[in-house]
Amino acid sequence: MLSEGGYFMKGMAMGGIFCLLLSLLGTFRPGVESGTESQHHHHHVQALGKDALKHLTDVQMQKLRNQVQVSCIIMVQPKILVYWATALDTWSKHCDKAVFYSSESTKALEAVDLNEKDDWARLRKALKHAYENAGELRWFFVAQPTTFAIIENLKYLVLAKDPNEPFYLGNAMKSGELEFVSYDSGIVLSYEALKRLVHVFQDEDKCPERGRALWKLSEDKQLATCLKYTGVFAENGEDSHGKGLFNSKSVDSLIADSMKTNPNDVVAGCCSDVAVTFSGMTPNQMQVMMFGVYRLRPYGHDFHDLLVFNPPEGSEND
Amino acid sequence: MTALRSKASFCAGFVVGTFTLYVVLRQVYFEKTLSPQKPGSFDPLHGHQPPEEEENTWKKERSALFNLKHPHHIGEDSGMADELFKKVRILCWVMTGPKNLETKARHVKSTWSRHCNVIVFMSSVEDPDFPTVGLGTKEGRDQLYWKTIRAFHYAYEHHSNDADWFLKADDDTYVIVDNLRWVLSNHTPDEPIYFGRRFKPYTKQGYMSGGAGYVLSREAVRRFVEGFKSKVCTHTTSVEDLAMGQCMEKVGVLAGDTRDTLHRETFHPFIPEQHLTAKFPKSFWYWSYCYYPISEGSNCCSDVSVSFHYVDALNMYLMEYYTYHLRAFGYRYRYQPPAPKGYNVAQSSSWHAMEEKEVQTSQGKAQEGGGKVH
């Protein structure tokens, strides 16, 4: 018996080495290609080109304006108070509704206290709460405190899309067979997508509240898995040139990258003119972005956008 | 029999080993290959990226670069900016040196200087390729005023017919030239006047910060050159901006006010982050130097800011992105700077002939006109 066990172990060891060798030689890869190569498998959602808006009537324009209101769901924690305060003071003012969801209450800032330490369970509760209190709002944007979002550009992206259709947008990434939207660069859900999601939350088999996997999946992947069961798939948000609108890096970092890869055309090679999100920016960098987006501009250059968004009331830095 | 069973065990072990490692490697590989789309590389499906900006044509002549066409984006209405480009001609000269050409001046050339009518890089040594003018001085902080004196003399001798206004900037100054044209648009090049970020000490009328950049009218440059000819002005100190201010005062050139209609500064001696977020200690020199009252926070800086200083290479491109590229679709800015006198906004472009469809949101009321404090 012992000798058989010995042979078995030797066999296992040989098998392991065999597998390693093969993967190193590249003839057979245990994983899949990185996201950039299999981009063609992704679904793309592009913002409208300049000419598309000219064909809409006044009535349609008004309808769009109402349809495109955004409810912001911002997941915060007291330990990152300064980011929370910055989100409150900067980009979230441009949401039609902005609600902060916290893991625990704090006297410093106002939030919906979900009293939940588990990140996935907290996200579920927040989404459910947002859905139940949606009112007339039909688009939902989930952000972390280190995200900076330009809500007007989010509206531009979803302008001609029907929120009664399921949309799940952002920076779409791939993990094996699963396509998911990266959390830190913001997740966009249409009303229909959120509705289906809240529904599948009740299904403990498909969408368990406490993950049963051996290694815990991150919340964004769990979200994608649950949504997949309802027939909703992740789509990459892009501008009319195919440039990604949701960035998982800070603008400084992206410019630095572009200086290395496109030294002769740094700015054009970097980021979209109508980018929606950046991630990993410091609170000070967020204040600079507020100034750069909502105030600083070259005199005498105008864009006659056919839809106008007014500045929020009671605000000074925009 | 035993040999067969051994072989069977071995094979079973082999299969199990292979499969186990496959699963492990697969999991490890997934976590590593999660990378978003590389910035700068475009989806081959969508084809070649069309250029955002129209090609702008430059002409290299006599160690200067002449912009023949004002750069702007496809799809934007830059009628007003184009008109100002023709009527408010600016020669930008950038103080640089041989060691800074590749690390600093190059980025100025790639970014903001493309919006000047004429751009001249002033160095101690001539470089016909960059191109730079050789002023024949040495390098170093003590040479700054010598370089300035010679640079303005050079500009006056070679380019007084090519421009109405003459801007001095450092190779770490970022200038939004379109906004400079707005500031200058209600003045004429025959006025003896100069503009910048006004400091108050050591002089009666104040002087302009060197790092934040300053701009002289053609008449002011003429008087500067005359001042040196008649020895009214001399090399008083190597503190370039102060020395310039002292000379300007002597030759009767007025120190102008560059604040916008809400009294917000347009020329800035630091980077945006510092003006917007830093709390300068009261002992800091800045408090006692500024001619006008300092505003901290978002009121520090005008929407039509003209310049920032201590801008490194990365921040040059970041400023370019923020100023000329990144915007909020459809956003109606709170501050509407008043149009310069004598410029007819309505006739400057055909866009205004189109019916502008405007609908209010439930978010805030419309803010009207310029000059209104909210």
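That block above? That's the structure.
For the structure given in this document, a descriptive report is provided here. Because the structure is predicted, anything quoted here is derived from the model rather than measured.

Calculation notes
Residues numbered from 1 in each chain as written. Chains lettered and ligands numbered in written order. Predicted model: local features only at pLDDT ≥ 70, side-chain atom pairs only at ≥ 80, totals over all residues. Heavy atoms only, no water. Helix = DSSP H or I, 4+ residues; strand = E, 2+ residues; numbered from the N terminus. Buried < 20%, exposed > 50% of the residue type's maximum accessible area, 1.4 Å probe, protein only. Contact = heavy atoms within 4.5 Å. Areas by Shrake-Rupley, 256 points an atom, 1.4 Å probe, with all protein chains shown as cover. Disulfide = S-S within 2.5 Å. Axes fitted to C-alpha atoms, helices over the stretch in contact; angles between N-to-C directions. Parallel < 35°, antiparallel > 145°, perpendicular 65-115°, else oblique. Nonpolar A, V, L, I, M, F, W, Y, C, P; charged D, E, K, R; others polar. Left-handed = near helix turned anticlockwise from the far one by under 90°. Salt bridge = Lys/Arg side-chain N within 4 Å of Asp/Glu carboxyl O. Phe/Tyr/Trp six-rings, centres within 6.5 Å; stacked < 30°, edge-to-face > 60°. Lys NZ or Arg CZ within 6 Å of the ring centre and 35° of its normal.

### Concerning the overall build of chain B
So, step 1. Counting its secondary structure elements, chain B contains 10 helices and 13 strands.
So, step 2. Counting all 374 residues of chain B, 54% fall into the buried class.
So, step 3. Across chain B, contacts joining residues at least 24 apart in sequence account for 74% of those joining residues at least 6 apart.
So, step 4. Working note: accessible area of chain B is about 16,600 Å², and carbon and sulfur atoms make up 55% of it.

### What to know about the environment of Met281(A)
So, step 1. Among the secondary structure elements, Met281(A) is positioned in the loop between strand E12 (277-279) and helix H9 (283-294).
So, step 2. Under the relative-accessibility criterion, Met281(A) is labelled buried at 0%.
So, step 3. Sequence spacing of Met281(A) and Trp84(A) is 197 residues, and the spatial spacing of their C-alpha atoms is 13 Å.
So, step 4. Excluding residues that lie within four positions of it along the chain, Met281(A) makes contacts with Tyr83(A), Thr146(A), Ser250(A), Val251(A), Met286(A), Met289(A) and Tyr322(B).

### Quick look at the state of the cysteines
Residues and elements named next belong to chain B.
So, step 1. Applying the stated criterion across every chain yields a total of 6 disulfides over all chains.
So, step 2. Covalent S-S linkage joins cysteine 92 and cysteine 116, the inter-sulfur distance amounting to 2.0 Å. Since a negative S-S torsion denotes a left-handed disulfide, the cysteine 92-cysteine 116 link at about -100 degrees is left-handed. In this pair, cysteine 92 sits in strand E3 (residues 90-95) while cysteine 116 sits in the loop between helix H3 (101-110) and strand E4 (118-123), placing the two residues 24 residues apart along the sequence. Here cysteine 92 and cysteine 116 have matching classes, each one buried.
So, step 3. The side chain of cysteine 233 participates in a disulfide bridge whose partner is cysteine 247; the two sulfur atoms lie 2.0 Å from each other. The disulfide joining cysteine 233 to cysteine 247 has a torsion of about 90 degrees about its S-S bond and is therefore right-handed.

### Notes on the packing of helix H6 (residues 191-200) of chain A against helix H7 (residues 219-229) of chain A
All names here are of chain A.
So, step 1. Where H6 contacts H7, the two axes come as close as 9 Å, and the packing angle between them is 95 degrees. Taken together, the axes of H6 and H7 lie roughly perpendicular to each other. Mapping the contact onto sequence places Ala193, Leu197 and Val200 in H6 and Leu223, Cys226, Leu227 and Tyr229 in H7.
So, step 2. Tallied by class, residues from the contact of H6 with H7 come to 7 nonpolar, no polar and no charged.

### Some remarks on the packing of helix H4 (residues 119-132) of chain A against H6(A)
Residues and elements named next belong to chain A.
So, step 1. As a packed pair, H4 and H6 sit with axes 10 Å apart at the nearest point and diverge in direction by 125 degrees. In terms of their interaxial angle, H4 and H6 are classed as oblique. Our pair here, H4 against H6, has a crossing hand that is left-handed. Of the residues in H6, those touching H4 at Leu127, Lys128 and Tyr131 are Tyr191, Leu194, Lys195, Leu197 and Val198.
So, step 2. Its residues assigned to classes, the contact of H4 with H6 comprises 6 nonpolar, no polar and 2 charged.

### Description of the environment of Cys11(B)
So, step 1. Locating Cys11(B) in the fold gives a position in helix H1 (residues 2-32).
So, step 2. A sequence separation of 187 residues divides Cys11(B) from Arg198(B), and the C-alpha atoms of the two residues are 85 Å apart.

### Quick notes on the pattern of salt bridges
Residue and element names in this part refer to chain B.
So, step 1. Counted according to the given criterion, the structure contains 30 salt bridges over all chains.
So, step 2. With a closest N to O distance of 3.0 Å, arginine 89 and aspartate 164 form a salt bridge. Residue arginine 89 is found in the loop between helix H2 (79-87) and E3, and its partner aspartate 164 is found in the loop between helix H4 (144-159) and strand E6 (165-170); the two are separated by 75 residues along the sequence.
So, step 3. Residue classification places aspartate 164 among the buried positions, given a relative accessible area of 8%.
So, step 4. Across the salt bridge formed by arginine 264 and aspartate 260, the nearest N and O atoms sit 3.7 Å from each other.
So, step 5. A relative accessible area of 3% means that aspartate 260 is categorised as buried.

### Quick look at the packing of aromatic side chains
All names here are of chain B.
So, step 1. Across all of its chains, the model carries 35 aromatic pairs over all chains by this definition.
So, step 2. Each ring, one from phenylalanine 280 and one from tyrosine 286, has its centre 5.1 Å from the other, and the planes form 65 degrees; the classification is edge-to-face.
So, step 3. For tyrosine 286, a relative accessible area of 2% gives the class buried.
So, step 4. Considering the side-chain rings of tyrosine 331 and tyrosine 333, the 5.9 Å spacing of their centres and the 90 degrees angle between planes classify their relative orientation as edge-to-face.
So, step 5. An aromatic cluster is defined as three or more aromatic residues linked by ring pairs; in this entry it consists of Phe199, Tyr202, Tyr207, Phe270, Phe280, Phe284, Trp285, Tyr286, Tyr289 and Tyr310.
So, step 6. For the cation-ring pair, lysine 109 lies above phenylalanine 130, with the distance from its terminal atom to the ring centre recorded as 4.4 Å.

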